[in-house]
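# A look at the structure
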Amino acid sequence: YGVLYGGDGKLLLAQICGVLWIIGWVTAVMTPYFLLLNMLGLFRVDAVEEEVGLDISHHKGAAYDLSGPTEDAKEKFEISTSQRKVEVPTEAKVEAPTEAAPTEAA
């Protein structure tokens, strides 16, 4: 039984050892992988892409904010020297119809 049921703590100690073993194993396996990604420059995106959002640069559209990035952020993204050459989608501008001024009858 466990500690809460009057046990002597051996089960809890075994579970703690298991968790520590898993943490050690994942650290030993993943550290070289992350170091390799970092050396190849694939671990992070550049700062401008991060500011604009990866939805635009990788998926060609906004995920949640339907208004999209600001014009300033779009310009920064276009100027950036990113490894990925991506065109920022432009929306067609729709002009609102203008109302004619009412004419007065004489």
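Because the structure is a prediction, the values reported are computed rather than measured.

### Section: the overall build of the chain
- A tally of regular secondary structure across the chain gives four helices and zero strands.
- The secondary structure elements of the chain, listed N-terminal to C-terminal, are α-α-α-α.
- Counting every position in the chain, which comprises 106 residues, the buried fraction comes to 15%.
- Taking the contacts inside the chain whose residues are at least 6 apart along the sequence as the reference set, 44% of them involve residues at least 24 apart.
- As displayed, the chain offers around 9700 Å² of accessible surface, 62% of which is attributable to carbon and sulfur atoms.

### Some remarks on the packing of aromatic side chains
- What the rule picks out here adds up to two aromatic pairs.
- Centre to centre, the rings of Tyr-33 and Phe-34 are 5.8 Å apart; their planes meet at 55°, and the pair counts as tilted.
- Under the relative-accessibility criterion, Tyr-33 is labelled partly exposed at 45%.
- For Phe-34, a relative accessible area of 37% gives the class partly exposed.

### Regarding a nonpolar patch on the surface
- Judged by side-chain polarity, Trp-21, Ile-22, Trp-25, Val-26, Val-29, Met-30, Tyr-33, Phe-34 and Phe-43 come together as a nonpolar surface patch covering roughly 970 Å² of accessible area.
- Topologically, Val-29 is positioned in helix α1 (residues 10-40).

### Thoughts on the confidence of the model for the chain
- Averaged over the chain, the pLDDT score is 78; the fraction of residues at 70 or greater is 72%.
- Within the chain, no element has a lower average pLDDT than helix α3 (residues 54-59), which sits at 76, and none a higher one than α1, at 95.

What counts, and at which threshold
Residues numbered from 1 in each chain as written. Predicted model: local features only at pLDDT ≥ 70, side-chain atom pairs only at ≥ 80, totals over all residues. Heavy atoms only, no water. Helix = DSSP H or I, 4+ residues; strand = E, 2+ residues; numbered from the N terminus. Buried < 20%, exposed > 50% of the residue type's maximum accessible area, 1.4 Å probe, protein only. Contact = heavy atoms within 4.5 Å. Areas by Shrake-Rupley, 256 points an atom, 1.4 Å probe, with all protein chains shown as cover. Phe/Tyr/Trp six-rings, centres within 6.5 Å; stacked < 30°, edge-to-face > 60°. Patch = residues over 30% accessible without salt bridge, like charges linked within 9 Å, V, L, I, M, F, W, Y side chains within 5 Å. Salt bridge = Lys/Arg side-chain N within 4 Å of Asp/Glu carboxyl O. pLDDT = per-residue confidence, 0-100.

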